[in-house]
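Residue strings, one per chain:
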Amino acid sequence: MPFYDYTCLDCGNRFDVFLTYAEYGARPVACPACGSKSARRRIPRVRVAKSDESRAESFAGDFSDPSALAGLEDDPQAMGRMMRKMGNEMGEEMPPEFSEVVDRLEKGQSPEEIEKELPDLGEGEMGEE
Ligand SMILES: [Zn+2]
C-alpha cells in the first residue's frame, strides 16, 4: 500500500498521503495545513539510477583514455579482455556469441579469423538489445 510524498506549493508543507493505485491521479490531494489543492508529488531520488550512472561513468572513463584503446586492433587478446570487462561492467548476461568471440580473442585469434569461423555473427549484431 503506497504512501505518496507531497509538497504544498502554497505553504510549503510536506506531507504523506495514503492512496491506492486506483486513487492516485484520480483523487485531488489537498494540503492538510492550508487546504490548498496545489500539492505536488515529490519524486524520491532513485538510488538504482544513480548507481547505474556512476557505473556508466567509470565505464566511460576506461575508454576516454586513448592509450587504453591504442593497439587493441593488433592485440586480439587485449581486445578480448576489454570486451570481457565491458560485459562485466554492464552487469548483464552476454549472449553466447559474445562469450564465444571473447574466448577466441583471448586465445589470440584475430577478429577476421573469428568472423570467418562464425559466419552467423553478422555485422553489427553485437551490442544490440
Ligand atoms: Zn498548504
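Here the structure is a predicted model, which means the values were calculated and not measured. (Residues numbered from 1 in each chain as written. Predicted model: local features only at pLDDT ≥ 70, side-chain atom pairs only at ≥ 80, totals over all residues.)

1. A word on the overall build of the protein chain
Part 1: Counting secondary structure elements, the protein chain contains five helices and three strands.
Part 2: Mapped from its N terminus to its C terminus, the protein chain presents α and β elements in the order β-β-β-α-α-α-α-α.
Part 3: Every one of the 129 residues in the protein chain was classed for burial, and the buried ones make up 9%.
Part 4: Considering only contacts within the protein chain whose residues lie at least 6 apart along the sequence, 44% involve residues at least 24 apart. (Helix = DSSP H or I, 4+ residues; strand = E, 2+ residues; numbered from the N terminus. Buried ≥ 20, exposed ≤ 12 C-beta atoms within 10 Å, placed from the backbone. Contact = placed C-beta atoms within 7 Å.)

2. Description of the confidence of the model for the protein chain
When pLDDT is low, close inspection of the predicted coordinates is not appropriate.
Part 1: The share of residues in the protein chain with pLDDT of 70 or more is 70%, and the mean pLDDT across the chain is 76.
Part 2: Ranking the elements of the protein chain by mean pLDDT puts helix H1 (residues 47-64) last with 53 and strand S2 (residues 14-18) first with 90. (pLDDT = per-residue confidence, 0-100.)

3. Thoughts on the nonpolar core
Part 1: The biggest cluster of nonpolar side chains holds five residues, and these are Tyr 6, Cys 8, Val 29, Cys 31 and Ala 39.
Part 2: Those residues in contact with Ala 39 that sit more than four places away from it in its chain are Tyr 6, Thr 7, Cys 8, Leu 9, Val 29, Ala 30 and Cys 31. (Core = buried A, V, L, I, M, F, W, Y, C linked by C-beta atoms within 7 Å.)

4. Some points on the sheet that holds S2
Part 1: Strand order in this open sheet of three strands is S2-S1-S3, and the pairing throughout is antiparallel. Each having just a single partner strand, S2 and strand S3 (39-41) make up the two edges of the open sheet. Strand-to-strand twist of the sheet, defined as the mean angle between neighbouring strand axes without regard to direction, takes the value 40 degrees.
Part 2: Where strand S1 (residues 3-8) meets S3, three bridges bridge the pair, whose relative direction is antiparallel. Pairing of Thr 7 across the sheet is with Arg 40, part of S3. (Pairing = 2+ DSSP bridges. Axes fitted to C-alpha atoms, helices over the stretch in contact; angles between N-to-C directions.)

5. Some remarks on helix H3 (residues 76-90)
Part 1: With 15 residues, H3 extends 21 Å from end C-alpha to end C-alpha; this agrees with the ideal 21 Å at 1.5 Å per step.
Part 2: For H3, the elements touching its buried residues are helix H4 (96-106) and helix H5 (111-117).
Part 3: Positive phi appears at Gly 91, one or two residues downstream of H3, with a value of about 70 degrees. (Expected span 1.5 Å × (residues − 1).)

6. Remarks on H4
Part 1: Of the positions making up H4, those classed as buried are Val 101, Val 102 and Leu 105. For H4, the buried positions fall inside an angular range of 100 degrees around the axis, keeping them on one side.
Part 2: Residues of H4 that are buried sit in contact with H3 and H5.
Part 3: Phi for Gly 108, located one or two positions after H4, is positive at around 100 degrees. (Arc of directions from axis to C-beta.)

7. What to know about the environment of Phe 15
Part 1: Inspection of the secondary structure assignment puts Phe 15 in strand S2.
Part 2: As a C-alpha pair, Phe 15 and Cys 31 span 16 residues in sequence and 7.6 Å in three-dimensional space.
Part 3: Once residues lying within four places of it in the same chain are set aside, the contact partners of Phe 15 are Tyr 6, Cys 31 and Pro 32.

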